[in-house]
Amino acid sequence: MKQFKKVPAHRLYGTFFSMHLRAAMEYKSSFLMSFFGMTLTSLASFFAIWLLFDRFHTVDGYTLSEVLLCYSVILMGFSVSEIFLRGFDTFAGQVQSGSFDRLLLRPRSLLFSVLVSRMEFARTGRFLQGILVTAYAVTHADIVWTPARAGAYLLMLLGCCVFFSSLLILQAGVCFFTIEGLEVMNIFSHGGKELGSYPLDIYGSRPLILFFTFLVPLACAQYYPFLYLTGRADCGLYALTPLWTLAFLLVCIGVWRIGVRKYQSTGS
Amino acid sequence: MKRLRKYITFFSMRVRCELQYRTAALAGIATQFCWGFMYILLYHAFRRTDPSAYPMTEDQTATYIWLQQAFLAMFASWSMENDLIAQIKDGTVAYELCRPMSLYPMWFAKCMASRLSRALLRFLPILLITGFLPDGYRMVLPPSPLHFLAFFVSLVLAFLLMVALLMPAHIAVFFLLNESGIRSIFANLVDFCSGSLVPLPLLPAGLQTVLSYTPFLYLQNTPYLIYSGYVPLSAAPRYILIQCIWLCILVPLGAWMMKKGLSRVVIQGG
Amino acid sequence: MIYVKELCKTFRVARRDGGMKNTLKSFFHREYTEIHALDHLNFTIGEGEMVGYIGPNGAGKSSTVKVLSGILVPDSGICTVGGRVPWKERTAHVAQIGVVFGQRSQLWWDVPVIDTFTLLRDIYSVPETIYRRNLDELTEMLGLSQLLRTPTRQLSLGQRMRCEIAASLIHDPKILFLDEPTIGLDAVSKIAVRDFIKARNRERGTTVILTTHDMQDIEALTERILLIGRGRILRDGSLDALKREYMTERHMTVLCAGLDADTLSLPAGMTLSESHPDRAVFSLDTTVLPVSDAIAAVSAQTDIYDLSVENPSLDTLITHLYKEYEVG
């Protein structure tokens, strides 16, 4: 049988990207509504932090701008995963509606097919807000910027993107085993987002930090590089911990693959 | 009497539906535990930093958070009745006009039933378990049985008030034909102003005064503060009275809005 | 082309009984029942065949199609399609098949149809020249030229189905699975779709497997029928043979000068099913009594003005079949 030269994945991704963009633009008013709605959601939690600092000024020695630095990097990482991994975020629905069966009929890797199946541009509102808050935090925090620290910040941002993306893939994998129990995943994704709005040590719980270091590496993505950034830790290794999220990503993809195999053998 | 039975049948059907999803209930309880703990740890951190600026006791904070988690389903601001919204959007709501029941009470009851049925499964385990947590994290008993009584009355009123607020949010779909924007505006507004994001006593005093002129302060915030004694028992009747006044304003307002919305459907030809 | 031997698949389904008591009970303890969706299934389909795959709901139709298209992995048994095991070489396999679900679209709702086609071109890595040729051919045969620039949401159901079928064929699949391809379509669109599928099979030698409840589809398209029930093939044969075997009953309507039901004498194999002053309906068993004898018997007793003989519908045939095999 004939075999054609494969269209490379990055080109295909570009085609999907522009299709999603055009489809979203078909409903401009609805798009704007969701865009502002999304912005509002994170605005409320931003306000909450702001008002708490209005009353307390610091928390465990951290200033408002330091906390906002934590908050904004998490917000950006979270929204990147929401924009680009929407296919995994809405995966339970895709399985139930049978759209996933359609993807199984495509001669492409499944991970890729799910990745390009949905994109949610209305969530860029949150990302923009993240940038604004970052700008405020960076200009107001007492951080002596060095090339190493700038690099650490970029790694931290990357780590957060990878971390939340991994969680969405894990969530999609878990939904092969239980759709009802999926809400538990919110503990890590939305819970991680809320927890990570502050430096993790303010919660005063060691098990919590250990859990979020070794099992669900939120601390590696954000807390340790944050310590390095603000000069609370000198060891360069602290700046490199976000790389550990890549291992987490592989584990999550593994779980998802196991889930797909189970789906193909039970059809549910 | 006969009409009441119809509502009861509907409610028990909802409860049965919910019971089928045991994993969902367990997952929900587990999730709410984690959220509760997270918030308690956070507020304790602020309290440690500046005890003089912190208006509540540790017990009051923990109790406020656990009550919030226990009754979350009743006050969930982002969950709207999807089948009602679908009815409005595709115009089939016009058929509802042919039924012998008036629509507002029917929708009100539906909204109550789906919230209560979800809460029913979850609130007891949460309250029971959190009663045995270590000091500072424990859900404590109210100072007196009278406190509990006032809490209960206020909780019922707050719930009715919440549903009365939800009605206009649903009805707004008649006019905008898109619920996602309404949902996020409504959810954020209610969450922020009713204390489900930050307990209201922790907000700046000026803001609290402003909120006391809106119905939001009298949602879940009021019964929880009465329970823990943060609002003194002597002030409770005043809060309960204000809850009643808001109900008397919002229910007729919702019914009126619904009439307007329905006339739109009829004019458009459904 | 398609070879299926002793294919088995069993699902486990949670049992749910009504009533508050049972619901509460199942909250703590759940019972499961096993369903044999495929129970030692056997058949082969040759290249270029058009096969109607029929059976009542829950008989195992969709499980079979899922296995053949590589979505579902069976418990045991052999299945090869074009020499490949579908679920083992998924991507290579699905590049050679096209699937149309009558109730599930693969077209993008909000963008013009042509954009979905170019996307599919890239997904299936179809070279531009071959894509052009296929697209022109499909456009011409299915009459799509006016539709390609329109967003899917603005198309009628019939127009959409034509685009849907084109989308499934843009990569030249050797095998086409059609699941209820004419459901909800008006008469004109139905005929257009059927004609196209026939032509495609004739000209390209595409193997077509059709699952449907619409017996007109089956009659128009397929010569061979596979009847499945309780996970097994109950019957494998031509539609004509089935008709000869099961459609032995005829209805004969006679317009006449007048018949007296009481004095009427009828040969064996003929009964009066309706009687009016100037009209009578008889049912005939053609295995016993040829139609010509039946006419002779009536005309001997009255003057016939007009007469018509009808086959019962194919739906009746299928109902008979399901009843005979105790499925459905």
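Look above for the structure.
Residues numbered from 1 in each chain as written. Chains lettered and ligands numbered in written order. Predicted model: local features only at pLDDT ≥ 70, side-chain atom pairs only at ≥ 80, totals over all residues. Heavy atoms only, no water.

Visitor: I keep staring at the overall build of chain B and nothing clicks. Help me out?
Guide: A count of helical and extended segments in chain B gives 12 helices and 0 strands. Expressed as lengths along the three principal axes of its C-alpha atoms, the size of chain B is roughly 60 × 45 × 35 Å. For chain B, with 270 residues in total, the buried portion stands at 56%. Accessible area of chain B: about 11900 Å², with a carbon and sulfur share of 70%. Placing the 21 positive and 11 negative side-chain charges of chain B at their respective mean positions leaves the two points 11 Å apart. (Helix = DSSP H or I, 4+ residues; strand = E, 2+ residues; numbered from the N terminus. Buried < 20%, exposed > 50% of the residue type's maximum accessible area, 1.4 Å probe, protein only. Areas by Shrake-Rupley, 256 points an atom, 1.4 Å probe, with all protein chains shown as cover. Lys, Arg positive; Asp, Glu negative; His and termini not counted. Charge placed at Lys NZ, Arg CZ, Asp CG, Glu CD.)

Visitor: Explain the interface of chain C and chain A to me, please; I cannot follow it from the model alone.
Guide: Accessible area lost during the coming together of the parts is what is often quoted as the interface size. At the junction of the two partners, chain C supplies 41 residues and chain A supplies 34 residues. Summed over both partners, the interface of chain C with chain A buries about 3400 Å², with 57% contributed by carbon and sulfur atoms. Inspection of the region where chain C meets chain A yields 4 salt bridges. Elements supplying a minimum of two residues to the side of chain C that touches chain A: strand 1 (2-14), helix 3 (90-94), strand 5 (97-101) and helix 4 (113-123) of chain C. Ranked by residue count, the leading element in the side of chain C that touches chain A is helix 4 of chain C, at 6 residues. In terms of residue class, the side of chain C that touches chain A is made up of 22 nonpolar, 8 polar and 11 charged. (Contact = heavy atoms within 4.5 Å. Buried area = accessible area lost by both parts, 1.4 Å probe. Salt bridge = Lys/Arg side-chain N within 4 Å of Asp/Glu carboxyl O. Nonpolar A, V, L, I, M, F, W, Y, C, P; charged D, E, K, R; others polar.)

Visitor: Would you mind showing me how to read the environment of I97(C) here?
Guide: Positionally, I97(C) belongs in strand 5. Judged by its relative accessible area of 3%, I97(C) falls in the buried class. Sequence-wise, I97(C) and L289(C) are 192 residues apart; in three dimensions their C-alpha atoms are separated by 48 Å. Contact partners of I97(C), with chain neighbours within four places excluded, come to L105(A), S69(C), H171(C), P173(C), I175(C) and F177(C).

Visitor: Help me out: how do you make sense of the packing of helix 4 of chain C against helix 6 (residues 157-169) of chain C in this one?
Guide: In a packed pair of helices, the relevant descriptors are the angle between the two axes and the axis-to-axis distance. Residues and elements named next belong to chain C. It is the contact of helix 4 with helix 6, at a shortest axis distance of 10 Å, that shows an interaxial angle of 15 degrees. In this view, helix 4 runs roughly parallel relative to helix 6, as classed from their interaxial angle. The handedness of the crossing between helix 4 and helix 6 comes out as right-handed. In contact with V113, F117 and L120 of helix 4, helix 6 contributes C163, A166 and A167. Taken together, the residues of the contact of helix 4 with helix 6 sort by class into 6 nonpolar, no polar and no charged. (Axes fitted to C-alpha atoms, helices over the stretch in contact; angles between N-to-C directions. Parallel < 35°, antiparallel > 145°, perpendicular 65-115°, else oblique. Left-handed = near helix turned anticlockwise from the far one by under 90°.)

Visitor: Before we go on, may I ask you to explain unusual backbone geometry in this structure?
Guide: Note: most peptide bonds trans; most residues except glycine with negative phi. Backbone geometry at H57(A) places phi at a positive 70 degrees, although glycine is not the residue there. Looking at the secondary structure, you find H57(A) in the loop between helix 2 (28-56) and helix 3 (64-84). Take H57(A): its relative accessible area is 55%, and that puts it in the exposed class. The backbone of D172(C) shows a phi angle near 60 degrees, a positive value even though the residue is not glycine.

Visitor: For this particular structure, what's the right way to read the sheet that holds strand 12 (residues 279-285) of chain C?
Guide: Whenever strands of a sheet pair, they do so through backbone hydrogen bonds, lying parallel or antiparallel. All names here are of chain C. Spatially, the 4 strands line up as an open sheet ordered 11-12-10-13, and their pairing is antiparallel. The open sheet has two free edges, formed respectively by strand 11 (270-275) and strand 13 (304-310), since each of these has just one partner strand. Direction aside, the axes of adjacent strands within the sheet are offset by 25 degrees on average. Across 7 bridges, strand 10 (residues 249-256) lies against strand 12 in antiparallel orientation. Within strand 12, the residue paired with M252 across the bridge is F282. Running over the sheet, helix 10 (residues 291-299) touches strand 10, strand 11, strand 12 and strand 13 and is turned about 155 degrees from strand 13. (Pairing = 2+ DSSP bridges.)

Visitor: Could you clarify how one ought to interpret helix 6 of chain C in this entry?
Guide: Spanning 13 residues, helix 6 of chain C covers 19 Å between terminal C-alpha atoms, matching the ideal 18 Å at 1.5 Å per step. As for helix 6 of chain C, its buried residues are in contact with strand 5, helix 4, helix 5 (128-142), strand 6 (175-179) and helix 7 (187-204) of chain C. (Expected span 1.5 Å × (residues − 1).)

Visitor: How do you make sense of the pattern of salt bridges when you look at a structure like this?
Guide: Pairing between side chains of opposite charge can happen when the charged atoms of each approach one another. All names here are of chain A. Under the counting rule described, the total for this entry stands at 32 salt bridges over all chains. Salt-bridge contacts for R86 lead to E120; the nearest nitrogen and oxygen are separated by 3.6 Å. Here R86, found in helix 4 (residues 86-89), pairs with E120, found in the loop between helix 7 (110-117) and helix 8 (124-140); they are 34 residues apart in sequence, far enough to count as distant. A relative accessible area of 23% means that E120 is categorised as partly exposed.

Visitor: Looking at this structure, how should I read the sheet that holds strand 3 (residues 50-54) of chain C?
Guide: All names here are of chain C. What the 6 strands build is an open sheet, ordered 5-6-7-3-8-9; its pairing is mixed. Among the strands making up the open sheet, the edge pair consists of strand 5 and strand 9 (232-238). With strand direction ignored, the average angle separating the axes of adjacent strands in the sheet is 15 degrees.

Visitor: Teacher, can you tell me more about the environment of I202(A) here?
Guide: Its place among the elements puts I202(A) in the loop between helix 10 (185-195) and helix 11 (206-215). A relative accessible area of 0% places I202(A) in the buried class. Along the backbone, I202(A) and V59(A) are 143 residues apart, and their C-alpha atoms lie at a distance of 7.3 Å. Contacts of I202(A), omitting those with residues within four sequence positions, involve V59(A), D60(A), Y62(A), L42(B), A45(B) and R48(B).

Visitor: Sorry if this is basic, but what is going on with the packing of aromatic side chains here?
Guide: Describing an aromatic ring pair means giving the distance of the ring centres and the angle of the ring planes. Applying the stated criterion to the full structure yields 43 aromatic pairs over all chains. For the ring pair F71(B) and F123(B), a centre distance of 5.4 Å and an interplane angle of 25 degrees mean the geometry is stacked. You can see F71(B) sitting in the loop between helix 3 (58-70) and helix 4 (72-75) and its partner F123(B) sitting in helix 7 (residues 103-130), a full 52 residues away along the chain. An aromatic cluster of three or more residues is present, and its members are F88(A), F91(A), F100(A), F176(A), W256(A) and Y263(A). The cationic tip of R12(C) hangs over the ring face of Y32(C); the distance from NZ or CZ to the ring centre is 3.9 Å. Directly above the ring of F101(C) sits R104(C), whose terminal nitrogen or CZ lies 4.7 Å from the centroid. (Phe/Tyr/Trp six-rings, centres within 6.5 Å; stacked < 30°, edge-to-face > 60°. Lys NZ or Arg CZ within 6 Å of the ring centre and 35° of its normal.)

Visitor: What exactly am I supposed to notice about the side chain of S117(A) here?
Guide: Positionally, S117(A) belongs in helix 7. Polar contacts involving the side chain of S117(A) include one to the main-chain carbonyl oxygen of V114(A), which spans 2.7 Å. (Polar contact = N/O pair within 3.5 Å; in protein donor to acceptor, adjacent residues only side chain to side chain.)

Visitor: I would appreciate a short explanation of the nonpolar core in the present structure.
Guide: A general trend in soluble globular proteins is that nonpolar side chains are found buried together. Ranked by internal contacts, the top residues of the largest apolar core, which has 198 residues, are F100(A), Y198(A), W256(A), F71(B) and W107(B). With near-sequence residues (within four places) excluded, Y198(A) lies in contact with I49(A), L52(A), F53(A), V59(A), V67(A), C70(A), Y203(A), L42(B) and F46(B). Core analysis: the next-biggest nonpolar cluster, separate from the first, contains 64 residues, F31(A), I123(C), A167(C) and L221(C) among them. (Core = buried A, V, L, I, M, F, W, Y, C linked by side-chain atoms within 4.5 Å.)

Visitor: In this structure, what is going on with a nonpolar patch on the surface? I would like to understand it.
Guide: All names here are of chain A. A surface patch of nonpolar side chains, amounting to about 450 Å² of accessible area, comprises L237, Y238, L240, L243 and L246. With 3 residues, the single largest contributor to the nonpolar patch is helix 13 (residues 237-240). By secondary structure assignment, the location of L246 is in helix 14 (residues 244-266). The exposure class of L246 is partly exposed, given its relative accessible area of 40%. (Patch = residues over 30% accessible without salt bridge, like charges linked within 9 Å, V, L, I, M, F, W, Y side chains within 5 Å.)

Visitor: Any chance you could explain the pairing of strand 6 of chain C here in plain terms?
Guide: In the case of a regular strand, side chains alternate between the two sheet surfaces. All names here are of chain C. Where burial is concerned, most of strand 6 is hidden: 4 out of the 5 residues are buried. Relative to strand 6, strand 5 runs parallel, the two sharing 5 bridges. Residue pairing across strands places G98 opposite L176, the latter belonging to strand 6. A crossover links strand 6 with its parallel partner strand 7 (residues 207-211), the connecting element being helix 7, and its sense is right-handed. (Right-handed = clockwise from strand over helix to strand, strands pointing away.)

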